[in-house]
Each structure stands twice: as structure tokens, then as C-alpha cells.
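Structure at a glance
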Amino acid sequence: MDKKPVLAIMRPETHTDASEEIAEQIGFQPLCVPVVAIKGMKDDAFDGFVRRVMSQETNYVIFTSANGIDFTLKNLEGTGVDETTFREALKKVQLVAIGPATRKRMESCGLTSSLMPGEYSSEGLVNDLGKAAAGKVIDIPRSFYGSEVLVLGLKEAGATVYQTHVYTLDIPESGPAEELIDQIIDRKIDAFAFTSTMMVKNFMSLADKMGEKDTVIDILNDSLVGAIGYPTAQTVESFGVKVDVVPEEFTFEALVRAMKEKADAL
């Protein structure tokens, strides 16, 4: 039996089990080493977001990730609004999920998405909302590092847009990640799946810190590299690395399937 190609998966630890299962089913040998850590946060805009939802002032609430839903609900502590009451208020506004994983998490909370863009990206959502956004109040609870494309696009469409940062992304403990760089140098990894711009930046920062950035870039250019969407692909390419695969559907499973098809064709 041919040896399965080793796929480096650098998603946050909360995604490890699901990522490994997907990669194994598709035909990779997964190597999961998080280079991004998720941490909850609450900024000054959160209370205003809760008030607008509770008063039905907001027309749309856009969730760009399952994490956005989870940390929104966690942040209710101390606001005077309990989770059950807030969920009921959310049911009275238009809820938008940017992709199937977000919609699935929304449904597990008893919520229903009224819109999911055909292209699972900020650009796709702006295009799909289009003229419907004009004159509407839109709230977006999201990552601190979320792209401004969504906010700017909706404002240009005529919406009043508020965003609150409910979680942030950080660099995890360096030990396992440093071992990942060592394995790359030893040519033990065949493919690399990048799923966010922050992941790319953390990965390259770590390689640079270890004095191996140029070597790692050379090895990536001799390996199979996939990016989950065009913003992530552009970030990878900004470091001088060629991206071989960007899936039509911006999900992790679609990315891994597209990478396996590419690997089989080589």
C-alpha cells in the first residue's frame, strides 16, 4: 500500500479532532500542530450590540464563524441579559451565516440562518446582500482580526454597520510549533493547508524566529500548498510561496479534497 502523504494542519486546537478525521477519510496522514490559539475577548462595542438586538433595532446579525457564535453567548455574562432571552431576541432578526460550519453551529443553538452566501467569504456575502443592505442596521460579532472587506463593502452598499470583537487570535505555546518547523526542514511533510491569514503570519513569524524562514519558503515551494480562500492565498503568496490549490467552496473539507485531487494528479 502506498504511503499516505503527510498533511500539515495548523488550525486552532479546538478543530484538531474534526480536522484529523476529515484528512484521514480523504487520504492524507494528518499532522495537526496549531499555530493559532483562540481567546475570548469583549470590547466596548459589545453592550451596544446586545442593546440593538434586544430592542430589535438591528436588522441583520452576521456571524462569520462558529467561534463568533460561541464567544458572543459567553460574553453575555455581566450584561444583565441571559443566554435564553438573547437567543429569543436573535430569532426576531435576520441571521446570516457565512458558511456551512457557522450555520450548523447556529442551528445547534436553535437559531436559523436566513442567508448564507453562495461564496463563503466576505466578498461573497457583500455581493449576495447587495441592495438589500441599503438603509439597514447590521451587527457583526467577530474576530479581532476579521477582514475589513465585509464592513467596508456593506457600508458602501448603504448599510449602517457595527462590529464588536468577541474573540481574538494569538500564538500558542511555541514547543510543538517549533517541532513542526523541524519536521519541515527534515522534509517529513508533503502538503500544507493554510486556513487563515493569521495562521500564515504566525507560521512565517515562527520560522523567521528560528532562523529558518528562507529554507521553509523554499521547501513550501517544492511541496503542495493549499489556501482556504483568496485572502489567505494572497497572504501566503506575499511571502514568496506559490499556492497550488484554492477550493471553489471555502471550507476545510473542500480544501483538503481539492489538495488530495491535486496530489493524485502529480
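As a starting point, this report considers the structure included with it.

Cut-offs used in this document
Residues numbered from 1 in each chain as written. Predicted model: local features only at pLDDT ≥ 70, side-chain atom pairs only at ≥ 80, totals over all residues. Heavy atoms only, no water. Helix = DSSP H or I, 4+ residues; strand = E, 2+ residues; numbered from the N terminus. Rg over C-alpha atoms; globule rule 2.2 N^0.38 Å. Buried < 20%, exposed > 50% of the residue type's maximum accessible area, 1.4 Å probe, protein only. Contact = heavy atoms within 4.5 Å. Areas by Shrake-Rupley, 256 points an atom, 1.4 Å probe, with all protein chains shown as cover. Lys, Arg positive; Asp, Glu negative; His and termini not counted. Charge placed at Lys NZ, Arg CZ, Asp CG, Glu CD. Pairing = 2+ DSSP bridges. Axes fitted to C-alpha atoms, helices over the stretch in contact; angles between N-to-C directions. 1 Å grid on protein atoms, 1.4 Å probe; cavity = no way out; pocket = protein on both sides within 12 Å on 5 of 7 lines; lining within 4 Å. Points joined across faces, edges and corners; volume = space filled by probe spheres on them. Nonpolar A, V, L, I, M, F, W, Y, C, P; charged D, E, K, R; others polar. Parallel < 35°, antiparallel > 145°, perpendicular 65-115°, else oblique. Left-handed = near helix turned anticlockwise from the far one by under 90°.

Points about the overall build of the chain
- Counting secondary structure elements, the chain contains twelve helices and nine strands.
- Compactness check: the chain gives a C-alpha radius of gyration of 20 Å against a globular reference of 18 Å for 266 residues, within 12% of the reference.
- When each of the 266 residues of the chain is scored for burial, the buried share is 49%.
- When contacts within the chain are restricted to residue pairs at least 6 apart in sequence, long-range pairs at least 24 apart make up 64% of them.
- Summing over all exposed atoms, the chain offers an accessible surface of approximately 12,800 Å²; the carbon and sulfur share of this is 46%.
- Side chains of the chain give 27 positive and 41 negative charges; the mean places of these two sets differ by 5 Å.

A few points about the sheet that holds strand 1 (residues 6-9)
- Pairing is parallel in the open sheet, where four strands are placed in the order 2-1-8-9. Only two strands of the sheet have a single partner each, and these edge strands are strand 2 (29-32) and strand 9 (224-227). On average, each strand axis in the sheet is inclined to that of its neighbour by 20 degrees, with strand direction left out of account.
- Pairing geometry for strand 8 (residues 191-194) and strand 9, over four bridges, is parallel. Pairing of Ala 193 across the sheet is with Gly 226, part of strand 9.
- Set on the sheet, helix 12 (residues 252-265) makes contact with strand 1, strand 8 and strand 9; between it and strand 9 the angle comes to about 155 degrees.

A closer look at the layout of surface pockets
- For the largest pocket, the calculated volume is near 1,600 Å³.
- Around the largest pocket sit 47 residues that line it, and Arg 11, Thr 64, Ser 65, Thr 195 and Ile 228 are the ones nearest its centre.
- With five residues, helix 5 (residues 100-108) is the largest single contributor of residues to the lining of the largest pocket.
- Residues belonging to the lining of the largest pocket are distributed by class as follows: 20 nonpolar, 18 polar and nine charged.

Here we look at unusual backbone geometry
- Backbone geometry places Gln 56, a non-glycine residue, at a positive phi of 60 degrees.
- As for its placement among the helices and strands, Gln 56 is situated in the loop between helix 2 (46-54) and strand 4 (60-63).
- Positive phi, close to 60 degrees, is recorded for Arg 187, a residue that is not glycine.
- In this fold, Arg 187 is placed in the loop between helix 8 (174-185) and strand 8.
- The class of Arg 187 is exposed, set by a relative accessible area of 51%.

Remarks on the sheet that holds strand 7 (residues 160-170)
- Taken in spatial order, the five strands line up as 3-7-6-4-5 in an open sheet, and their pairing is mixed. In this open sheet, the two strands that pair with only one neighbour each are strand 3 (37-40) and strand 5 (94-97). Between one strand and the next, the sheet's axes are offset by a mean angle of 25 degrees, whatever the strand orientation.
- Bridging between strand 3 and strand 7 involves four bridges; their strand directions are antiparallel. Bridged to Ile 38 within strand 7 is Leu 169.
- Sheet strands in contact with helix 3 (residues 66-74) are strand 3, strand 4, strand 6 (137-143) and strand 7, and its direction is about 95 degrees off that of strand 7.
- Where helix 5 meets the sheet, it contacts strand 4 and strand 5, and its direction lies at approximately 135 degrees from that of strand 5.

Structural notes on the packing of helix 6 (residues 122-129) against helix 7 (residues 149-156)
- It is at 9 Å that the axes of helix 6 and helix 7 come closest, and there the two elements cross at 15 degrees. In this view, helix 6 runs roughly parallel relative to helix 7, as classed from their interaxial angle. Note that helix 6 runs across helix 7; the crossing there is right-handed. Residues Ser 122, Glu 123, Leu 125, Val 126 and Leu 129 of helix 6 form the contact with helix 7, whose own contacting residues are Val 149, Leu 150, Gly 153 and Leu 154.
- The residue inventory of the contact of helix 6 with helix 7, partitioned by class, reads six nonpolar, two polar and one charged.

What to know about the side chain of Ser 223
- Tracing the sequence through the fold places Ser 223 in the loop between helix 10 (213-220) and strand 9.
- With a relative accessible area of 15%, Ser 223 lands in the buried category.
- Those residues within four positions of Ser 223 in sequence are excluded, and the remaining contacts are Ile 189, Asp 190, Phe 192 and Asp 244.

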